[in-house]
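# An overview of the molecular structure
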Amino acid sequence: MRTPIIAGNWKMNKNPKETQEFLDGIKGKLPESGVEAIIGAPAIDLTTLVAGAEGTPLKTAAENSYFEDAGAFTGETSPKALDEMGLDYVIIGHSERRQYFKETDEDINKKAHAILKNNMFPIICCGETLEQREAGKAEDWVTGQIENAVKGISADDLVKSVIAYEPIWAIGTGKTATADQAQEMVHVIREKIASLYDADTADKVRILYGGSVKPANVKELMAKEDIDGGLVGGASMDPESFLALVNYNK
Ligand SMILES: O=C(CO)COP(=O)(O)O
């Protein structure tokens, strides 16, 4: 039985004061079990986020980290320091990081290893462009991204990690993949994990869908067999909306 996840990704939004206001807005309102609620916030907000999440069911994520623990890497964030701060997860391979910051599959794999070595778990993102989908190349592209990202990762570590399928054409566009389209690709990813590892590992790993998930469509997405949750941008920023997502089954 895979515990569902609702993970927010605030991207480069909110300052520490706004982070605290969000935390005050959800205080005491998250379910204790049945769903894992995660917020991914900018590095500058993480101290506030971790302090506010302590003693509550909320899990925390950084939106990126470097793959070295320390050194002369001006402007980067150390995965070792993130672990010491108390972070649970790190989002890696988001399409915005691949597109704007030129992150490669190799970087993403190195980051996954660095995060696991530092006792956190990666949320590994993948997804195709509209052009790739229309050319019938989406499945090969996405499964290729996953194969490269998980190289050298043990099955034990993979089942505690998270995969997020986010078709680029559905991010921030208001254009959600239909629940059937999302299910279809998430199923393909699960089959890929089965071929790279085994059926048991594929059955245990949680795979999220992301791209214009909101309270109005979350239930339909979550009803799909292979979809274990959502990685949510815009609709995760407001406490009421985030709580509505987390309580999708109520
Ligand atoms: O990129 C996303 C989450 O990582 C999706 O963003 P939106 O939910 O705003 O479309």
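Residues numbered from 1 in each chain as written. Predicted model: local features only at pLDDT ≥ 70, side-chain atom pairs only at ≥ 80, totals over all residues. Heavy atoms only, no water.

As annotated in an unreviewed UniProt entry, the chain carries the name Triosephosphate isomerase and comes from Companilactobacillus halodurans. Per UniProt, the chain has the following entry under Subunit (unreviewed entry): "Homodimer." For the record of the chain, the UniProt heading Sequence similarities (unreviewed entry) holds the text "Belongs to the triosephosphate isomerase family." (UniProt positions renumbered as here; feature names shortened; annotations may be inferred.)

## Looking at the packing of aromatic side chains
For the coordinates displayed, the defined rule picks out five aromatic pairs. Consider the rings of Y66 and F67, whose centres lie 4.4 Å apart with planes at 25°: the pair is stacked. With a centroid separation of 6.3 Å and 55° between ring planes, the pair formed by Y165 and Y209 is classed as tilted. Of this pair, Y165 sits in strand β6 (residues 162-165) while Y209 sits in strand β7 (residues 206-210), and the two are 44 residues apart along the sequence. Accessibility expressed as a relative area gives 0% for Y165, which makes it buried. Taken together through their ring pairs, the aromatic side chains of W10, F22 and F242 make up a single cluster. We note K14 situated over the ring of W10; from NZ or CZ to the ring centre the distance is 5.0 Å. (Phe/Tyr/Trp six-rings, centres within 6.5 Å; stacked < 30°, edge-to-face > 60°. Helix = DSSP H or I, 4+ residues; strand = E, 2+ residues; numbered from the N terminus. Buried < 20%, exposed > 50% of the residue type's maximum accessible area, 1.4 Å probe, protein only. Lys NZ or Arg CZ within 6 Å of the ring centre and 35° of its normal.)

## A short note on the packing of helix α5 (residues 105-117) against helix α7 (residues 138-149)
Where α5 meets α7, the closest approach of the two axes is 8 Å, and the angle between their N-to-C directions is 45°. Relative to α7, the element α5 lies oblique. Within the contact between the two elements, α5 uses D105, I108, N109 and A112 and α7 uses G144, Q145, N148 and A149. Across the contact of α5 with α7, the residue classes tally to three nonpolar, four polar and one charged. (Axes fitted to C-alpha atoms, helices over the stretch in contact; angles between N-to-C directions. Parallel < 35°, antiparallel > 145°, perpendicular 65-115°, else oblique. Contact = heavy atoms within 4.5 Å. Nonpolar A, V, L, I, M, F, W, Y, C, P; charged D, E, K, R; others polar.)

## Brief notes about the confidence of the model for the chain
Overall, the predicted model of the chain reaches an average pLDDT of 97, with 100% of residues at or above 70. Quick note on the complex model: pTM equals 0.98, ipTM equals 0.99. (pLDDT = per-residue confidence, 0-100.)

## Thoughts on the UniProt feature "binding site: substrate" (unreviewed entry) in the chain
Feature annotation in UniProt places "binding site: substrate" (unreviewed entry) on N9, W10, K11, G172, S212, G233 and G234, given in this structure's numbering. Over a stretch of 226 residues, the named residues converge on one spot in the fold, their C-alpha atoms separated by at most 13.8 Å. Lining residues of the largest pocket, restricted to the annotated ones just named, are N9 and K11. With respect to the helices, strands and loops of the structure, N9 is situated in strand β1 (residues 5-9). For N9, the contacting residues outside a window of four places in its chain are G40, E63, I91, H94, L231, V232, G233 and S236. Here K11 takes part through its backbone nitrogen, which lies 3.0 Å from a polar atom of the side chain of N9. Position of S212 relative to the elements: it lies in the loop between β7 and α11 (218-222). Here S212 falls in the buried class, since its relative accessible area comes to 15%. Apart from residues lying up to four places away in sequence, S212 is in contact with A170, G172, T173, G174, K175, T176 and N217. (1 Å grid on protein atoms, 1.4 Å probe; cavity = no way out; pocket = protein on both sides within 12 Å on 5 of 7 lines; lining within 4 Å. Polar contact = N/O pair within 3.5 Å; in protein donor to acceptor, adjacent residues only side chain to side chain.)

## What to know about the site of the ligand
Around the ligand, a shell composed of 13 residues is seen, among which K11, H94, E166, G172 and S212 lie nearest. Between S212 and the ligand, the recorded distance is 2.8 Å, taken from a backbone N or O atom to an oxygen atom. Relative to its unbound accessible surface of 300 Å², the ligand loses 94% to contact with the protein. For the shell around the ligand, the residue count by class is four nonpolar, seven polar and two charged. (Near = heavy atom within 4 Å. Areas by Shrake-Rupley, 256 points an atom, 1.4 Å probe, with all protein chains shown as cover.)

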